[in-house]
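So the chains spell out like this:
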Amino acid sequence: MSTVAFYTLGCKVNFYDTEAIWQLFKNEGYEQVDFEQTADVYVINTCTVTNTGDKKSRQIIRRAVRRNPDAIVAVTGCYAQTSPAEIMAIPGVDLVIGTQSRDQIIPLVKQFQEQRQPINAVRNIMKTREFEELDVPDFADRTRAFLKIQEGCNNFCTFCIIPWSRGLMRSRQADSVLKQAHMLVEAGYKEIVLTGIHTGGYGEDFQNYDLADLLRDLDKVDGLQRIRISSIEASQITDKVIDVLNHSDKMCRHLHVPLQAGDDAVLARMRRKYTTAEFGGKIEKLHRALPGVAITTDVIVGFPGETEEMFRNGYRFMEQMQFAEMHVFPYSKRTGTPAARMEDQVDEEIKNERVHELIDLSERMQLAYAQKFVGEVLEVIPERTYKGAPDSGLLMGYSDNYVNLVFPGTEDMLGQICRVKLTEAGVNESKGEFVRVMEPVRRKAAVNS
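Structural notes, computed from the coordinates. Only a predicted model underlies this, so the values are computations on that prediction, with no experimental measurement involved.

### Let's talk about unusual backbone geometry
Here comes step 1: Although it is not a glycine, Arg 116 adopts a positive phi angle of roughly 55 degrees.
Here comes step 2: Residue placement: Arg 116 occurs in the loop between helix 5 (105–115) and strand 6 (119–120).
Here comes step 3: With phi around 50 degrees, Gln 322 is a residue other than glycine that occupies positive phi space.
Here comes step 4: On the secondary structure map, Gln 322 appears in the loop between helix 12 (308–321) and strand 14 (325–330).
Here comes step 5: Overall, the relative accessible area of 52% leaves Gln 322 in the exposed class.

Listed below in structure tokens is the structure:
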């Protein structure tokens, strides 16, 4: 039996794509082995979001070549898309596929086996207009499933290389999304996380069907109990989307809305398509429509030209927003982007100081958010036994509003929806008391739909 090993760098979408590629090998009769073992085929799914991503990708490719010089080494993903020649130049690389035509990986592996000539299958991603259909019927993590609904991005933020590695915005056909949602529910998943490169932009390339329509249709999938959106831009939180969030009992009370900077001058230089006032207005609307909603965000610190005053403005704005958590990143130069060529780069030490300040702020906000729910009973899907003490009889998982709870329970509760009372708020995890396991709710037939 032929064996295949995978290594994935980068984002959730890459992990999804790797699972999809694995399905193709599995259908061909391959067995998956650990990347550190000897395999017949190594597939490295690369990342290019930072220069470090490129470097790490090259290291992993060389590691595979060393592990088994006779293996077929196939490289895919974002770095493969933007720099195929660089990868082809690494001795031992046999096949390069970018972020499309991955459904052709098996025929290409066979072609290489017959001809023994390195293959560069990367095409111009900017010409791609169709969403590449790759199904993922199950995941290693049994509690929540990812469902990719779109690919690519049209925004061209000045710090970001992604449109060049993933191409322009293209959405997956609704019937295909719904078909996969039904498959995942049948496979036993209670929660589906909608994911993509620019997830909230779903449907921007369709005529009369958008994200709100898709959410409404997913809400009708029988047996599905939770729907989470991995990320949505402030501009995409339309009144129609808020209305669906408001009326659906399946939509999680948690949205990840990337802010990136809390100062208008910095946002303009980043080429983000909103001001802080517009962003704040959307967040306020969300809080009104969904009391108790968790808003998490991404922030880039030390973008070129960020002065102390701009940073302070941003700090105050973030405090005002009362995020449930912030993912804080120091700005890092990405070759090939306009921001990397900007003159006024911020000193690394200043960047680090600012990062720490914002991490402290994020932890305070995380604690304040969790404290609001002390004494309340939340719905939690336990994902695993408590990693701090695996034999302690404790489980951990996220509530629908993204509070990470640790509570006493048994392993047969993993993947079930449990009612848990939050007893003690914490920064990265809070403590709870188990109340009961929920029975799956079957949707009542609508009288006037």
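### A short note on the sheet that holds strand 2 (residues 31–32)
Here comes step 1: Taken in spatial order, the six strands line up as 2-1-3-4-5-6 in an open sheet, and their pairing is parallel. Both outer strands of the open sheet, strand 2 and strand 6, are each paired with one neighbouring strand and no more.
Here comes step 2: Examined bridge by bridge, strand 4 (residues 72–77) and strand 5 (residues 95–96) share two bridges and lie parallel to one another. Its bridge partner lying in strand 5, Ala 74 is registered against Leu 95.
Here comes step 3: Each of strand 1 (3–8), strand 2, strand 3 (41–46) and strand 4 touches helix 1 (residues 12–27); the most contacted strand, strand 1, lies at about 175 degrees to it.

### Observations regarding the pairing of strand 10 (residues 191–195)
Here comes step 1: Most of strand 10 sits inside the fold, with five of its five residues counted as buried.
Here comes step 2: Pairing analysis gives four bridges linking strand 10 to strand 11 (residues 226–229), with the strands arranged parallel. Across the sheet, Glu 191 pairs through a bridge with Arg 226, a residue of strand 11.
Here comes step 3: In this fold, strand 10 hands off to helix 8 (residues 211–219), which returns the chain to strand 11; that crossover is right-handed.

### Observations regarding the packing of helix 1 against helix 5
Here comes step 1: Running from amino to carboxyl end, helix 1 crosses helix 5 at an angle of 60 degrees, the nearest separation of the two axes being 9 Å. Accordingly, the angle class assigned to the pair helix 1 and helix 5 is oblique. Of helix 5, the residues touching helix 1 (which contributes Ile 21, Leu 24 and Phe 25) are Ile 105, Ile 106 and Val 109.

### Here's the deal with the packing of aromatic side chains
To describe a pair of aromatic rings, one takes the distance between the centres and the angle between the planes.
Here comes step 1: Scanning the entire structure with this criterion turns up 16 aromatic pairs.
Here comes step 2: Look at Phe 279 and Phe 317: their rings are 6.2 Å apart centre to centre, the planes differ by 65 degrees, and that puts the pair in the edge-to-face class. Highlighted residues: Phe 279 in helix 11 (residues 276–289) and Phe 317 in helix 12, separated in sequence by 38 residues. Both residues of the pair, Phe 279 and Phe 317, count as buried.
Here comes step 3: Through pairs of rings, three or more aromatic residues link up here, namely Phe 6, Trp 22, Phe 25 and Tyr 30.
Here comes step 4: Over the aromatic face of Tyr 315 sits the side chain of Arg 312, whose NZ or CZ is 5.9 Å from the ring centroid.

### Focus on the environment of Tyr 386
Here comes step 1: In this structure, Tyr 386 sits in the loop between strand 15 (377–385) and strand 16 (394–399).
Here comes step 2: Through-space distance from the C-alpha of Tyr 386 to that of Phe 407 is 8.5 Å; in sequence the pair is 21 residues apart.
Here comes step 3: Only 2.6 Å separates the side chain of Tyr 386 from the side chain of Glu 429, close enough to count as a polar contact.

Conventions we followed
Residues numbered from 1 in each chain as written. Predicted model: local features only at pLDDT ≥ 70, side-chain atom pairs only at ≥ 80, totals over all residues. Heavy atoms only, no water. Helix = DSSP H or I, 4+ residues; strand = E, 2+ residues; numbered from the N terminus. Buried < 20%, exposed > 50% of the residue type's maximum accessible area, 1.4 Å probe, protein only. Pairing = 2+ DSSP bridges. Contact = heavy atoms within 4.5 Å. Axes fitted to C-alpha atoms, helices over the stretch in contact; angles between N-to-C directions. Right-handed = clockwise from strand over helix to strand, strands pointing away. Parallel < 35°, antiparallel > 145°, perpendicular 65-115°, else oblique. Phe/Tyr/Trp six-rings, centres within 6.5 Å; stacked < 30°, edge-to-face > 60°. Lys NZ or Arg CZ within 6 Å of the ring centre and 35° of its normal. Polar contact = N/O pair within 3.5 Å; in protein donor to acceptor, adjacent residues only side chain to side chain.

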